[in-house]
Amino acid sequence: MVKTTISVIKADIGSLAGHVIVPDFLMELARKRLKEGVQKGIIKDFHVANAGDDLELIMTHDKGEGNEEVHKLAWDIFNEGAKLGREKKIYAAGQDILSDTFSGNVRGMGPGSAEMTIEERKSEPIVVFMADKTEPGAYNYPLFKVFADPFNTAGLVIDPNLHQGFTFVIQDIKRDTPHYVALDCPEELYDLLALLGSTGRYTIKKIYRRDGLVAASVSTDKLYQVAGKYIGKDDPVAIVRAHSGLPAMGEVLEAFTLPHLVAGWMRGSHIGPLMPVGMKDSRCTRFDGPPRVIALGFQVSNGMLLGPVDMFEDVAFDISRKRAMEAADYLRRHGPFMPHRLDDESMEYTTLPGVLKKLESRFSDKEIVPTGKAADNSDSAE
Ligand code: F6R
Ligand code: MG
Ligand code: MG
């Protein structure tokens, strides 16, 4: 059986007209360098896409996960692109490159990555989700629905191959070093939800069928933890396999029909709906959003990628987009008020603490009664 690794490595290395889209010259550079990567035998095949301002490198190879050569190929593209971007003065050129030196793989260096190694089945349909203006926990809700909710995935009830359920590997992304826990579903469904509901802390890393077959992989890289300060959301990617003993492609996509609320949007500081869009709408405009997700479907065939199919570019998702924009419009009316603006703990790594610091010295343990000295009301008093 053919063993193939799918590596999706992404970074925001600069964009056009603000944080909106990856310019064509960066997409072309990526295609050129990845083609050379194929010629050198580093990767087998690739597809380049953009999720708004994030450059997405979808690659296949036979070198396994976290492979130095593959990660270096991506790292070099991001660095060369950032240099070119700086010369052309595109916006936020080099944003996600947080290290001067490469140390084996891109993890902890700024770019995000989701990878999985599969034994190719007789036929291997996959879908790659790529989101902009949100965080890794954005996939908790839809992936829970796909792999654990029988109201979403009919196969969990009907298909004996899925009936055993799935094991979720969850990562606590708030710890300094990665910590994981594995929970079996349906038995530990309530424990699973107790964690997954905290989208800012616990994120799905991988999902396995009960016989050990890997079914999904998510990027869990946290930029602010690497940089120690706010430099943008982590704009996560996920790879999901479908069919033949796994949820059908339609069951996978069904979970994205509710534009559920996620953290991110403007300045990474707001709650907004995750809107499923086709490639042509992969650009965050209104209030830098609303957060968006694209889905590209492929057949993995002897290490090659057949496709893509632009999954959300379909009238079937029009109603979800309309719902998303209604929710966006409603939330925007709240302006700087919670819960549209994130809670204090989530704002810790944004630019807000800088503003609050200035006010700190003016707090008193006595109630303050303004003296009114500043205004001269003498005329009106008589
Ligand atoms: C969100 C994001 C944008 C920026 C915002 C301010 O992840 O990237 O919403 O935070 O446009 O951008 P700067 O600080 O570059 O002016
Ligand atoms: Mg950006
Ligand atoms: Mg982005």
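Up top is the structure.
Since the structure is predicted, the reported quantities are computational estimates derived from the model, not experimental observations.

A.B. asks: Please explain the coordination of the magnesium ion (ligand 3) as it appears in this structure.
C.D. replies: Six octahedral donors at a metal ideally form angles of 90 or 180 degrees, and four tetrahedral donors ideally form angles of 109.5 degrees. Surrounding the magnesium ion (ligand 3) are the protein donor atoms Asp53 (OD), Asp54 (OD), Asp132 (OD) and Asp235 (OD), which sit 2.0 to 2.1 Å from the metal. Donor residues for the magnesium ion (ligand 3), ordered by position in the chain, follow D-D-x77-D-x102-D. A separation of 4.8 Å is found between the magnesium ion (ligand 3) and the magnesium ion (ligand 2), which are bridged by Asp53. A residue pair is termed long-range when its members are at least 10 positions apart, and Asp54 in strand 3 (residues 54–61) and Asp235 in the loop between helix 6 (223–227) and strand 10 (237–241) qualify at 181 residues.

A.B. asks: How should I be thinking about the nonpolar core in this particular structure?
C.D. replies: Across soluble globular proteins, you tend to see nonpolar side chains buried next to one another. Membership of the largest hydrophobic core comes to 42 residues, with the highest contact counts inside it found for Phe129, Tyr139, Phe147, Phe166 and Phe168. Per-element tally for this core: the top contributor is helix 3 (residues 140–148), with five residues. In contact with Tyr139, other than residues within four places in its own chain, are Phe129, Met130, Ala131, Phe144, Ile204, Val218, Pro236, Val237, Ala238, Phe256 and Val293. Counting residues in each nonpolar core, the second largest holds 29 residues, with Val22, Leu26, Ala30 and Ile97 among its members.

A.B. asks: Would you take a moment to explain the packing of aromatic side chains for this structure?
C.D. replies: How two aromatic rings sit relative to each other is given by the distance of their centres and the angle of their planes. With the rule as written, the count across this model stands at eight aromatic pairs. Where Trp75 meets Phe102, the ring centres are 6.1 Å apart and the plane angle is 35°; that geometry is what we call tilted. Of this pair, Trp75 sits in helix 2 (residues 68–87) while Phe102 is found in the loop between helix 2 and strand 4 (112–119), placing the two residues 27 residues apart along the sequence. Between the aromatic rings of Phe256 and Phe312, the centroid separation amounts to 5.7 Å while the plane-to-plane angle is 50°, which identifies the pairing as tilted. Of this pair, Phe256 sits in the loop between helix 7 (249–254) and strand 11 (261–264) while Phe312 sits in the loop between strand 15 (304–310) and helix 8 (318–332), and the two are 56 residues apart along the sequence. Each of the two residues, Phe256 as well as Phe312, counts as buried.

Here is what the cut-offs are and how they apply
- Residues numbered from 1 in each chain as written.
- Chains lettered and ligands numbered in written order.
- Predicted model: local features only at pLDDT ≥ 70, side-chain atom pairs only at ≥ 80, totals over all residues.
- Heavy atoms only, no water.
- Donors = N, O, S within 2.8 Å, 3.2 Å for Na, K, Ca; no water.
- Helix = DSSP H or I, 4+ residues; strand = E, 2+ residues; numbered from the N terminus.
- Core = buried A, V, L, I, M, F, W, Y, C linked by side-chain atoms within 4.5 Å.
- Buried < 20%, exposed > 50% of the residue type's maximum accessible area, 1.4 Å probe, protein only.
- Contact = heavy atoms within 4.5 Å.
- Phe/Tyr/Trp six-rings, centres within 6.5 Å; stacked < 30°, edge-to-face > 60°.

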